[in-house]
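Below, each chain spelled out in residue letters.
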Amino acid sequence: MNPFLDIQGIYKKFGKDSILTDVNLHLKKNTVLSLLGSSGSGKTTLLKIIAGLETQDKGEILLYGKNINRQKPQQRNIVYLYQEALLFPHLDAFENVAFGLRLKKLKESVIKEKVDLMLKNLGMTNHASKMPSQLSGGQRQRISFGRAMVIEPELLLLDEPFGALDSSTRGKMQELFKSLAHAMQISALFVTHDLKEAIVMGDQIGKIKKGELLQYETKKDFFNDEHSEVHKEIDFWTNIKNN
Amino acid sequence: MMKKILQYGLIISIGFPVLFLLMLSIGRRWPYPALFPLEMSFSNWEFLQQSDSKLFQAFFISLGISLSVAFIVTSIGFLISKFIAYSKQRNTFLVLAYIPYLLSPVIMAVIFQYYFIITGLAGSFFGVIIAQFLIAFPFGIIIYDNFWNSQLKSIEELSYTLGGTRIQTYRKVLLPLSKNAIMLCFFQVFLVSWFEYGLTNLIGSGKVRTLTVSVFNFVTEANIFYAALSCCLLILPPMLLLYINKRFIFFVEKTNQ
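Residues numbered from 1 in each chain as written. Chains lettered and ligands numbered in written order. Predicted model: local features only at pLDDT ≥ 70, side-chain atom pairs only at ≥ 80, totals over all residues. Heavy atoms only, no water.

1. Thoughts on the sheet that holds strand S10 (residues 212-216) of chain A
Residues and elements named next belong to chain A. The cut-off we apply is this: Criterion used throughout: strands pair if DSSP finds at least two bridges between them. Think of it this way: any DSSP run of H or I at least four residues long counts as a helix, any run of E at least two long counts as a strand, and we number them from the N terminus. In this analysis, axes come from line fits to C-alpha atoms, helices being fitted only over the stretch in contact, and the angle between any two N-to-C directions falls in the range 0 to 180 degrees. Contact between two residues is taken to exist if any of their heavy atoms lie within 4.5 Å; hydrogens are not considered.
Taken together, six strands build an open sheet; the order of strands is S6-S7-S8-S3-S9-S10 and the sheet is mixed. Strands at the two margins of the open sheet, each flanked by one partner only, are strand S6 (78-81) and S10. With strand direction ignored, the average angle separating the axes of adjacent strands in the sheet is 20 degrees. When S6 meets strand S7 (residues 155-159), the two strands line up parallel, connected through four bridges. The residue of S7 that forms the bridge with isoleucine 78 is leucine 155. In this fold helix H6 (residues 167-183) packs onto strand S3 (32-36), S7 and strand S8 (188-192), with an angle of close to 165 degrees to the strand it touches most, S8.

Listed below in structure tokens is the structure:
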């Protein structure tokens, strides 16, 4: 059976710098793949290529077995979320969530119903009429999720979405995303440089380093790989405990 | 206290020249050492209605040229500046944009003049619009340059991945967000064009008589009362723009926050 998303042999160079080298990746429907990678590893470029915002030099992107290389970003139904919430500053929270639905020119009653439900799921009903500048960082990120999820994308690409949040808000957002992703049967690529977050958020884990990607079939494979840095982390906390 | 002094200082520094011009425009006969003109009447203002004065005509010619230049630069500059801001040659384009100001518009006009004569554009209304456009367009690019940044590019890309076409993204995201930059560019370019003298005089070849050109003519004729009268007309649109800017744009922005 073909995977839902199948990426085959992606190469990308910027000038003489090789950013991605023979990247292969596959994702099952309704699962979340965490992609671990440090700054400059090429993870953002990979997500942008999948979203159609960058073009690869070589390689194929297959969605449901269909090649989407030539499709424009607006035709792919793949939403790319940045580290910042990037709410539209001239629209209130309700209109931000409704943005994608309005582009599709749905009936006003349908838009209202869907947005109200999404705001309820996000716990943001009371903030619907607030402008982005009146919301906290966590609230802005919730609205950003809602805006992406309400249009029911085939795939959600999250580029360190909780990177700018404090640890407490980050934990809450992780929980919220997991429950929403499960409830709405969302398929996603979740990029992070945080090992713990990668394990918590992903059904599967991949690691990208200097443009090369290694995808582990199970979390156990990731745990057993001596290069995955899980053991380093365990040793660190064991030493703290013993001392 | 200091703030109040500064506020009053600012009001006086703007208000005094305006009041002085108004007084001069209604004045007649001002021999030394009289503190004020000996006669005050609106007879100078009747000069505006006289067909041979052509001040009203000059006012509307200036208005037509400045509005055209401001509209063309604002709309074309918006699109071109985006291309330049995200281009790898951004710095090269910006250096080129400063050239008209390093050389000064009058020197540019001398360079242009030959081409305007052989194309028959010299001394025509459209010739002056084109000449002013060539000077004001780089200025528009410089104004817009700071507006296009990586965050705005990300917002634009986000709109695409949410399903927005280019037109939808411009209409629903980029244009609403760029309202201030567009207004700033329009006002600034309008003012550059409105007060432009050297280039307009040279390319217009004396046949396109704008308000600024008329003011200089009255000044060279040492007719201070008519010069003040035309100056009153000259400062009218900028004052109106300043009012619109403060009253509507700035106010609306504040209430949206």
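Further notes follow.
2. Concerning the interface of chain A and chain B
Our working rule: Buried area is understood as the total, over both parts, of accessible area removed when two parts are fitted together, assessed with a 1.4 Å probe. Any N or O atom pair separated by 3.5 Å or less is treated as a polar contact, with the protein-specific requirement of one donor-capable and one acceptor-capable atom, and with residues adjacent in sequence counted only for side-chain atom pairs.
Of the residues lining the interface, 25 residues belong to chain A; the matching set on chain B comes to 20 residues. Between chain A and chain B, the buried area comes to about 1,900 Å², and carbon and sulfur atoms account for 68% of it. Taken together, the connections running from chain A to chain B amount to six residue pairs in polar contact (both at pLDDT 80 or more). For the side of chain A that touches chain B, the element with the highest residue contribution is S6(A), accounting for four residues.

3. Quick notes on the sheet that holds strand S5 (residues 66-67) of chain A
Residue and element names in this part refer to chain A. Spatial strand order, S2-S1-S4-S5: four strands in an open sheet with antiparallel pairing. Lying at the two open borders of the sheet, with one neighbouring strand each, are strand S2 (17-27) and S5. Along the sheet, helix H1 (residues 43-51) contacts strand S1 (5-14), S2 and strand S4 (58-63); its crossing angle with S2, the most-contacted strand, is approximately 60 degrees.

4. Quick notes on the layout of surface pockets
As a reminder of what qualifies: Here a cavity means grid points, on a 1 Å grid over the protein atoms only, where a 1.4 Å probe fits yet cannot get out; a pocket means an open set of points with protein on both sides within 12 Å along at least five of seven lines; lining residues are those with an atom within 4 Å of a point. Grid points are joined across faces, edges and corners, and a volume is the space filled by probe spheres set on the points. Ten residues, namely Ala, Val, Leu, Ile, Met, Phe, Trp, Tyr, Cys and Pro, are considered nonpolar, four, namely Asp, Glu, Lys and Arg, are considered charged, and the remaining ones, Gly among them, are considered polar.
Here the largest pocket is characterised by a volume of approximately 470 Å³. Looking at the largest pocket, it is lined by 18 residues, and the ones nearest its centre are B:Lys82, B:Lys153, B:Glu156, B:Tyr160 and B:Arg166. Tallying contributions element by element places helix H7 (residues 150-161) of chain B first for the lining of the largest pocket, with four residues. Considering only residue class, the lining of the largest pocket consists of seven nonpolar, four polar and seven charged. A volume near 400 Å³ is recorded for the second largest pocket. Forming the boundary of the second largest pocket are 18 residues, of which A:Glu84, A:Leu86, A:Leu87, B:Gln151 and B:Ile155 lie nearest the centre. Every element with two or more residues in the lining of the second largest pocket is listed here: helix H5 (137-149) of chain A together with H7 of chain B. Taken together, the residues of the lining of the second largest pocket sort by class into 11 nonpolar, five polar and two charged.

5. Details of the packing of helix H3 (residues 93-103) of chain A against H5(A)
Residue and element names in this part refer to chain A. As a reminder of what qualifies: For classification, angles of less than 35 degrees are called roughly parallel, those exceeding 145 degrees roughly antiparallel, those between 65 and 115 degrees roughly perpendicular, and all remaining angles oblique. The hand of a helix crossing depends on one turn: near helix anticlockwise from the far one by less than a right angle means left-handed, and clockwise means right-handed.
Packing of H3 against H5 brings their axes to within 7 Å, and their N-to-C directions diverge by 30 degrees. As summarised for this structure, H3 and H5 are arranged roughly parallel, according to the angle between their axes. In this structure, H3 meets H5 at a crossing whose hand is right-handed. Residue-level inspection shows Ala93, Asn96 and Val97 of H3 in contact with H5, the latter providing Ile143, Gly146 and Arg147. Looking at side-chain class alone, the contact of H3 with H5 contains three nonpolar, two polar and one charged residues.

6. Considering the side chain of B:Thr212
Residue and element names in this part refer to chain B. The condition is simple: The cut-offs for exposure are 20% and 50% of the maximum accessible area for each residue type, with area from a 1.4 Å probe on protein chains only; residues under the lower value are buried, those over the upper are exposed, and the others partly exposed.
Structurally, threonine 212 is set in helix H11 (residues 211-220). The exposure class of threonine 212 is buried, given its relative accessible area of 4%. Apart from the residues within four sequence positions on either side, threonine 212 is in contact with Ser62, Trp194, Phe195, Glu196, Tyr197 and Leu234.

7. A word on a nonpolar patch on the surface
Residue and element names in this part refer to chain B. What counts, and what does not: Surface patches are defined over residues having more than 30% relative accessible area and no salt bridge, joining like charges when they lie within 9 Å and nonpolar side chains (Val, Leu, Ile, Met, Phe, Trp, Tyr) when within 5 Å. Under the convention used here, a 1.4 Å probe and the Shrake-Rupley method define accessible areas, while residue burial counts only the protein chains that appear. One speaks of a salt bridge when a side-chain nitrogen belonging to Lys or Arg is within 4 Å of a carboxyl oxygen belonging to Asp or Glu.
Residues Phe83, Phe93, Leu96, Ile99, Leu103, Ile107, Ile111, Tyr114, Tyr115 and Ile118 make up a contiguous nonpolar surface patch of about 990 Å² in total accessible area. Of all the secondary structure elements, the ones that give two or more residues to the nonpolar patch are helix H4 (90-103) and helix H5 (105-118). With five residues, H5 is the single largest residue contributor to the nonpolar patch. Secondary-structure assignment places tyrosine 115 in helix H5.

8. Observations regarding unusual backbone geometry
Put simply, B:Tyr32 and B:Pro33 share a cis peptide bond, and its omega is 5 degrees. With respect to the secondary-structure elements, B:Pro33 resides in the loop between strand S1 (27-28) and strand S2 (39-40). Even without being glycine, A:Gln185 reaches a positive phi, approximately 50 degrees. One can find A:Gln185 in the loop between H6 and S8. By relative accessible area, which is 53% here, A:Gln185 ends up exposed. In this model, B:Ser205 sits at a positive phi of 50 degrees, which is unusual for a non-glycine residue. For B:Ser205, the location among the structural elements is in the loop between helix H10 (198-204) and H11. Taking the relative accessible area as the measure of exposure, B:Ser205 reaches 40% and is therefore partly exposed.

9. Considerations on the nonpolar core
Nonpolar side chains in soluble globular proteins tend to be buried together. All names here are of chain A. Spelled out, the test is: Residues belong to a common nonpolar core when they are buried Ala, Val, Leu, Ile, Met, Phe, Trp, Tyr or Cys residues joined through side-chain atoms within 4.5 Å.
Grouped together as the largest cluster of nonpolar side chains are 75 residues, with contacts concentrated most on Leu5, Leu25, Leu46, Leu156, Leu157, Phe177 and Leu189. No other element matches H3, which puts seven residues into this core. If sequence neighbours within four positions are ignored, leucine 189 has contacts with Leu5, Leu25, Leu27, Leu33, Leu47, Ile50, Leu155, Leu156, Leu157 and Leu158.

10. Examining empty space enclosed by the protein
Unfilled space is identified by rolling a water-sized probe across the atoms. Residues and elements named next belong to chain B. A complete count under the given rule lists one cavity of 30 Å³ or more for this structure. Of the pockets and cavities examined, the largest cavity occupies roughly 40 Å³. Lining the largest cavity are Val69, Gln132, Ile135, Ala136, Val192, Ser193, Glu196 and Leu199. Mapped by element, the contributors of at least two residues to the lining of the largest cavity are helix H6 (125-145) and helix H9 (179-194). Classifying every residue of the lining of the largest cavity by side-chain character gives five nonpolar, two polar and one charged.

11. Details of the environment of A:Gln174
All names here are of chain A. Within the secondary structure, glutamine 174 sits in helix H6. Taking the C-alpha atoms as reference points, glutamine 174 and glutamine 134, separated by 40 residues in sequence, lie 23 Å from one another. With near-sequence residues (within four places) excluded, glutamine 174 lies in contact with Phe162, Glu197, Val200 and Met201.

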